[in-house]
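# A structural walkthrough
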Amino acid sequence: MNHTVTEIGSFVQSNALQKRFNEIIPGGSHTYAKGDDQYPETSLPYIVKGKGCHIWDVDGNEFIEYAMGLRSVTLGHAFTPINEAAKQAMDLGINFNRPATIELECAEMVLDIIKGQEMVKFAKNGSDATSAAVLLARAYTGRDMIAICGDHPFFSVEGWFIGTTAVNSGIPKAIQNMTVKFKYNDLQSLKDLFAQYPNQIACIILEAEKDVPPAPHYFKELKKLCHDNGAVFILDEIITGFRWHNGGAQTMYDIQPDLASFGKAIANGFALSALVGKKEIMQLGGLQHDKDRVFLMSTTYGAESHALAAAMATIKVYQQEPVIQHLYTQGAKLRKGIEQSVQELNLEGHFGVSGKDCALVYYTKDQQKQPSQPYRTLFLQETMKRGLLAPSLIVSYSHSDQDVAQTLDIIHESLQVYRKALDEGIEKYLLGRPVKPVYRKKN
């Protein structure tokens, strides 16, 4: 232990706000991953400010944060160069009846850093970009079906994806039936789909990487298989873009998809996403062709000047400073320290981390080493009690050595409680109901 870990204060003011949040906002949050059911019911802070990797709630409690705006804040909260760029753009006006010159400037910068892509269109969130990619693929191929990677958790709020989850209420069966699933790193599973639905699949979509890396030559063989069957190859880089590599995972793994979506981390938390791709496909959403028009991402707020300015400033920081290297370095320190605690407390198989160092997640398992929501809740309960908000272990450029060291102390103390719960029964230590998965049929 390197530091004295002190417990945070109460959540009196947060608790007073909870009822009102849920009375006027469905679910009490505008993002399901931020909802009450994702955190211990004894620890539901409402945030008022953030700086770097630290945040403060309405009760004045301070936390080191590791979700970082669901992975969107890569540099840090209130990162001065980004905020200054956005403020300057706001002083010139943020939305006009014709395109602003900054739209071209930002588009050129994005295409310069993401090598091999030819056109780009901006929107506000990742679902805009992935759904637009699917729309283009359907128009380009004249087909309706979509093949998604079943090992990846989220692609869009639209029915073509949500219809495949347990939360499919409101999605017509006809929409649900148009999406099928294949397995990551398993070419045969995709071959089987193409054989089962010949000339019907418009595109495949998958993340570049989640918990396990792509097998050697996987992407190149995947792309060839896709094209041999007349389908469009879409890569979802909402998470991997600007975290795995400045040019995205497609640059790291030397693969050029037909279309790719970027979002989280492109503007350090400002609302912006980007669809990039080959001109032959992207131009279907434009004016300079003689084919049927495609209504592609026509958004009133998609190219707000302040968000584009934030994106340009963010990309400049990536290019001028060792941001990506820092993410890997700090993540590696976290992994090493946690593994030491796990070994010391004899928690192998019960708690651990997975994924790339730049985007770590952790798993929680019970006495039988089965995935456990109650034990996840216990870990969240104990870490939040000590000033750590870590639904994952996503580092930012603002996570210093001191932050990481303090985090490891907090995790070690929390895992001591985890060990006791395994030995003595979790009911002795867990307060309140366990957290729940987002994708579930009933509340």
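Shown above is the structure to which this text applies.
Scope of this entry: the structure provided in the associated data block. Nothing here was measured: the structure is a model prediction, and the numbers come from that model.

Across the seven residues that make up strand β7 (residues 201–207), a large majority, seven, are buried. In terms of strand pairing, strand β5 (residues 145–149) meets β7 through four bridges, oriented parallel. Considered in β7, the bridge of alanine 147 is made with isoleucine 204. With five bridges joining them, β7 and strand β8 (residues 232–237) adopt parallel strand pairing. In the strand pairing of β8, isoleucine 205 is matched with isoleucine 234. With helix α8 (residues 218–228) bridging β7 and its parallel neighbour β8, the resulting β-α-β unit is right-handed.

Our focus in this paragraph is the nonpolar core. When a protein is soluble and globular, its nonpolar side chains tend to lie buried together. Core analysis: the biggest nonpolar cluster contains 128 residues, and Ile204, Leu206, Phe219 and Leu275 have the highest contact counts within it. With ten residues, the single largest contributor to this core is helix α11 (residues 305–320). Not counting the four nearest positions on each side in its chain, phenylalanine 219 is found in contact with Tyr184, Leu206, Ala208, Pro214, Phe233, Leu235, Tyr253 and Ile255.

Among the structural elements, glutamate 382 can be located in helix α13 (residues 373–385). Beyond its immediate chain neighbours, meaning those up to four positions away, glutamate 382 contacts Ser414 and Val417.

Next up on the list: the sheet that holds strand β9 (residues 259–262). If you trace the seven strands from one edge of the open sheet to the other, you get β4-β10-β9-β8-β7-β5-β6, paired in mixed fashion. Looking at the sheet topology across the chains shown, the edges are occupied by β4 (119–123) and β6 (179–182). On average, each strand axis in the sheet is tilted by 20° relative to the strand beside it, whichever way the strands run. Strand direction decides the pairing type here: β5 and β6, joined by four bridges, are parallel. Residue alanine 147 lies in a different strand from β6, and its bridge partner there is valine 180. Strands in contact with helix α7 (residues 187–196) are β5, β6 and β7; relative to β6, the strand with the most contacts, it is inclined by about 150°.

On to the state of the cysteines. Under the counting rule described, the total for this entry stands at zero disulfides. Free of any disulfide, cysteine 149 has its nearest neighbouring cysteine sulfur in cysteine 226, separated by 13 Å. Under the relative-accessibility criterion, cysteine 226 is labelled buried at 0%.

A word on the sheet that holds strand β3 (residues 62–65). Strand order across the open sheet formed by four strands is β1-β2-β3-β13, with mixed pairing between neighbours. In this open sheet, the two edge strands, each paired with only one partner strand, are β1 (47–51) and β13 (388–389). Note that strand β2 (residues 54–57) and β3 share three bridges and pair antiparallel. By the bridge assignment, histidine 54 is partnered in β3 with isoleucine 64.

Turning our attention to the packing of aromatic side chains. All chains considered together, the criterion is met by 16 aromatic pairs. For the pair phenylalanine 21 and tyrosine 46, a centre-to-centre distance of 4.1 Å together with 25° between the ring planes defines the contact as stacked. Of this pair, phenylalanine 21 sits in helix α1 (residues 12–24) while tyrosine 46 sits in the loop between α1 and β1, placing them 25 residues apart in sequence. Residue class for tyrosine 46 comes out buried when judged on its relative accessible area of 10%. Plain terms: the ring middles of phenylalanine 161 and tyrosine 439 are 6.2 Å apart, the flat faces sit at 65° to each other, and that makes the pair edge-to-face.

Looking now at unusual backbone geometry. A positive phi angle, close to 55°, is found at leucine 70, a residue other than glycine. With relative accessibility at 25%, the residue leucine 70 sits in the partly exposed group.

To continue, consider a nonpolar patch on the surface. Where nonpolar side chains cluster on the molecular surface, the patch consists of Tyr32, Phe154, Val157, Val167, Val438 and Tyr439 and spans about 550 Å² of accessible area. For valine 438, the location among the structural elements is in the segment after α14 (401–424). Assessed through its relative accessible area of 31%, valine 438 is described here as partly exposed.

So, on to the side chain of threonine 240. As for its position among the elements, threonine 240 is in the loop between β8 and α9 (249–252). With relative accessibility at 0%, the residue threonine 240 sits in the buried group.

All right, on to the side chain of aspartate 57 then. Here aspartate 57 lies in strand β2. With residues up to four places along the chain from it excluded, the contact list for aspartate 57 reads Phe11, Ser14, Pro45, Tyr46, Ile47, Val48 and Phe63.

What follows concerns the environment of threonine 407. Mapped onto the elements, threonine 407 comes out in helix α14. Sequence separation between threonine 407 and isoleucine 64 is 343 residues; the distance between their C-alpha atoms is 7.6 Å. What threonine 407 contacts, discounting residues up to four positions off in sequence, is Ile64, Tyr66, Leu334 and Leu388. Separated by 2.7 Å, the side chain of threonine 407 and the backbone oxygen of aspartate 403 make a polar contact.

Basis of the calculations
- Residues numbered from 1 in each chain as written.
- Predicted model: local features only at pLDDT ≥ 70, side-chain atom pairs only at ≥ 80, totals over all residues.
- Heavy atoms only, no water.
- Buried < 20%, exposed > 50% of the residue type's maximum accessible area, 1.4 Å probe, protein only.
- Helix = DSSP H or I, 4+ residues; strand = E, 2+ residues; numbered from the N terminus.
- Pairing = 2+ DSSP bridges.
- Right-handed = clockwise from strand over helix to strand, strands pointing away.
- Core = buried A, V, L, I, M, F, W, Y, C linked by side-chain atoms within 4.5 Å.
- Contact = heavy atoms within 4.5 Å.
- Axes fitted to C-alpha atoms, helices over the stretch in contact; angles between N-to-C directions.
- Disulfide = S-S within 2.5 Å.
- Phe/Tyr/Trp six-rings, centres within 6.5 Å; stacked < 30°, edge-to-face > 60°.
- Patch = residues over 30% accessible without salt bridge, like charges linked within 9 Å, V, L, I, M, F, W, Y side chains within 5 Å.
- Areas by Shrake-Rupley, 256 points an atom, 1.4 Å probe, with all protein chains shown as cover.
- Salt bridge = Lys/Arg side-chain N within 4 Å of Asp/Glu carboxyl O.
- Polar contact = N/O pair within 3.5 Å; in protein donor to acceptor, adjacent residues only side chain to side chain.

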